[in-house]
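Residues per chain are reported as follows:
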Amino acid sequence: MSMKKRNVANRQSPIDIKTKKVVADPDKCSPLTIRFNHGDCVDVAVNDEGNWKVSVRPHSTSLIRGSHLTGTYRLLQFHAHWGGSEHLIDGKRFDAEIHFVYWNTRYYSMDEACKRGDGLAVLGVLVEKGAENTAFTQLLRQIEESNKLGKPVRIPISFDPTRLIPRSGLSKYYTYLGGLTTPPYSECVVWTVMQTPITMSEAQLKTLSTLTTENWRECQRVHARKVYATKG
Ligand code: 1SD
Ligand code: ZN
């Protein structure tokens, strides 16, 4: 096979994480440093397909660092997938998944970053049905309003995104090299999937499914990739 015909679709996402096959690597997976600034979340918008996205101000100081990441990544936006999670753990599909999309500050534009294997870092938080997430209740109101008005709605400064990540997430996660789960499926993402899910109530999950029934991509082949995990 010529170099040109080399199969490049070999690090697609999402994947089913098989915990028996993950490589426990405490050096590669040191505890994450995540900084969120309340005021960095600008607004939330719902698009024609019923997907919502919270946009973050361009030069936000909401950052993520970790030994599996090359440098500092800046938060760009976050959104969710529901009707089922995208990543599975040992074949288990959770009820939803939130994605915090970060961009590697070493690249000068988002387009440039999407052409690089380490251009984006996406933090995936699995969600299972349980207690209401009150931070999300606040956001859900803005999502519903944006959907009704057909335009972006401002996020109040009191909104605290840290309440959408599990407390143990910083030191318990999986990481692997993958891509965007939506077109153009660019293979530019260093994925970090937190091991512990957060909860949302049945009513919260139901409200999400009024926007669009489900919006997750099927699991992709792992090929020769390794999935690393924090110790234990
Ligand atoms: O689905 C999102 C897509 O909406 C866009 O945000 C993209 C980043 O440019 O990321 C994908 S995903 O891989 O985070 N699901
Ligand atoms: Zn996503």
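Residues numbered from 1 in each chain as written. Chains lettered and ligands numbered in written order. Predicted model: local features only at pLDDT ≥ 70, side-chain atom pairs only at ≥ 80, totals over all residues. Heavy atoms only, no water.

Participant: I would appreciate a short explanation of the overall build of the chain in the present structure.
Facilitator: When helices and strands are tallied, the chain shows 3 helices and 16 strands. Rg of the C-alpha trace for the chain: 17 Å, near the compact-globule value of 17 Å for 232 residues, within the 12% margin. When the 232 residues of the chain are sorted by exposure, 50% land in the buried category. Counting only contacts in the chain whose residues sit at least 6 apart along the sequence, the fraction spanning at least 24 positions is 72%. Total accessible area on the chain is roughly 11,600 Å²; 51% of this is exposed by carbon and sulfur atoms. (Helix = DSSP H or I, 4+ residues; strand = E, 2+ residues; numbered from the N terminus. Rg over C-alpha atoms; globule rule 2.2 N^0.38 Å. Buried < 20%, exposed > 50% of the residue type's maximum accessible area, 1.4 Å probe, protein only. Contact = heavy atoms within 4.5 Å. Areas by Shrake-Rupley, 256 points an atom, 1.4 Å probe, with all protein chains shown as cover.)

Participant: What exactly am I supposed to notice about the coordination of the zinc ion (ligand 2) here?
Facilitator: Geometry reference: four tetrahedral donors at a metal, ideal angle 109.5 degrees. Six octahedral donors, ideal angles 90 or 180 degrees. Coordination of the zinc ion (ligand 2) by the protein comes from His79 (NE2), His81 (NE2) and His99 (ND1), over a distance range of 2.0 Å. Between consecutive donor residues of the zinc ion (ligand 2), the sequence gaps follow H-x1-H-x17-H. Here His79 and His81 have matching classes, each one buried. (Donors = N, O, S within 2.8 Å, 3.2 Å for Na, K, Ca; no water.)

Participant: Which parts of the structure should I look at to understand the site of ligand 1?
Facilitator: Taken together, the neighbourhood of ligand 1 is formed by Gln77, His79, His81, His99, Val101, Met110, Leu180, Thr181, Thr182 and Trp191. In the environment of ligand 1, a nitrogen atom lies 3.4 Å from a nitrogen or oxygen atom belonging to the side chain of His79. His81 has a polar side-chain atom sitting 3.2 Å from a nitrogen atom of ligand 1. Considering ligand 1 on its own, with 360 Å² of exposed area, one finds that the protein chains cover 79% of that surface. Judged by the fraction of its atoms near the pocket grid, ligand 1 is located in the largest pocket. Among the elements that line the shell around ligand 1, the one with the most residues is strand E7 (residues 73-82), at 3 residues. (Near = heavy atom within 4 Å. Polar contact = N/O pair within 3.5 Å; in protein donor to acceptor, adjacent residues only side chain to side chain. 1 Å grid on protein atoms, 1.4 Å probe; cavity = no way out; pocket = protein on both sides within 12 Å on 5 of 7 lines; lining within 4 Å. Sits in = over half its atoms within 2 Å of the grid points.)

Participant: Before we go on, may I ask you to explain the pattern of salt bridges in this structure?
Facilitator: Two side chains carrying opposite charge are able to pair once their charged atoms lie near each other. Here the structure, examined in full by the defined rule, presents 5 salt bridges. Its salt-bridge partner being Asp40, residue Arg57 comes within 2.8 Å of it at the nearest N-O pair. Residue Arg57 is located in the loop between strand E5 (52-56) and strand E6 (63-65), and its partner Asp40 is located in the loop between strand E3 (33-35) and strand E4 (41-46); the two are separated by 17 residues in the primary sequence. The partner of Glu112 in a salt bridge is Arg116, with the nearest N and O atoms 2.6 Å apart. (Salt bridge = Lys/Arg side-chain N within 4 Å of Asp/Glu carboxyl O.)

Participant: Which parts of the structure should I look at to understand helix H3 (residues 202-209)?
Facilitator: Inspection of H3 places Gln204, Leu205, Thr207 and Leu208 among the buried residues, and these make up the whole buried set. Along the axis of H3, the buried positions cluster into a sector of 155°, meaning they face one direction only. When the buried face of H3 is taken as reference, the exposed residues oriented beyond 90 degrees from it are Glu202 and Lys206. Buried residues along H3 sit in contact with E5, E7, strand E10 (96-104), strand E11 (120-129), helix H2 (134-149) and strand E15 (198-200). (Arc of directions from axis to C-beta.)

Participant: Quick question: what am I supposed to make of the sheet that holds strand E9 (residues 92-93) here?
Facilitator: Sheet strands line up and pair through hydrogen bonds in the backbone, either parallel or antiparallel. Spatially, the 3 strands line up as an open sheet ordered E1-E8-E9, and their pairing is mixed. Looking along the sheet, the strands with just one partner apiece sit at the ends: strand E1 (16-17) and E9. (Pairing = 2+ DSSP bridges.)

Participant: Help me out: how do you make sense of the packing of aromatic side chains in this one?
Facilitator: Any two aromatic rings considered together are summarised by their centre-to-centre distance and by the angle between their planes. One pass over the full model with this rule turns up 5 aromatic pairs. Ring geometry for Trp52 versus Phe78: centroids 6.1 Å apart, planes at 90°, classification edge-to-face. Here the residue Trp52 occupies a position in strand E5, and Phe78 occupies one in strand E7, the gap between them amounting to 26 residues. Phe78 sits in the buried class, given a relative accessible area of 0%. A cation over a ring is seen here: Lys28 above Tyr228, with NZ or CZ 4.7 Å from the ring centre. (Phe/Tyr/Trp six-rings, centres within 6.5 Å; stacked < 30°, edge-to-face > 60°. Lys NZ or Arg CZ within 6 Å of the ring centre and 35° of its normal.)

Participant: Help me understand H2 in this model?
Facilitator: Residues spaced three or four apart along an α-helix point in a common direction, a consequence of the helix completing one turn every 3.6 residues. Here H2 spans 23 Å end to end across 16 residues, near enough to the 22 Å set by a 1.5 Å rise per residue. If you check which residues of H2 are buried, you get Ala135, Phe136, Gln138, Leu139, Leu140, Gln142, Ile143 and Ser146. Packing partners of the buried residues in H2 comprise E4, E5, E7, strand E12 (153-154), E15 and H3. The backbone nitrogen of Ala135 lies 3.0 Å from a side-chain oxygen of the residue at the head of H2, namely Asn133. A positive phi of about 70° marks Gly150, the residue just after H2. (Expected span 1.5 Å × (residues − 1).)

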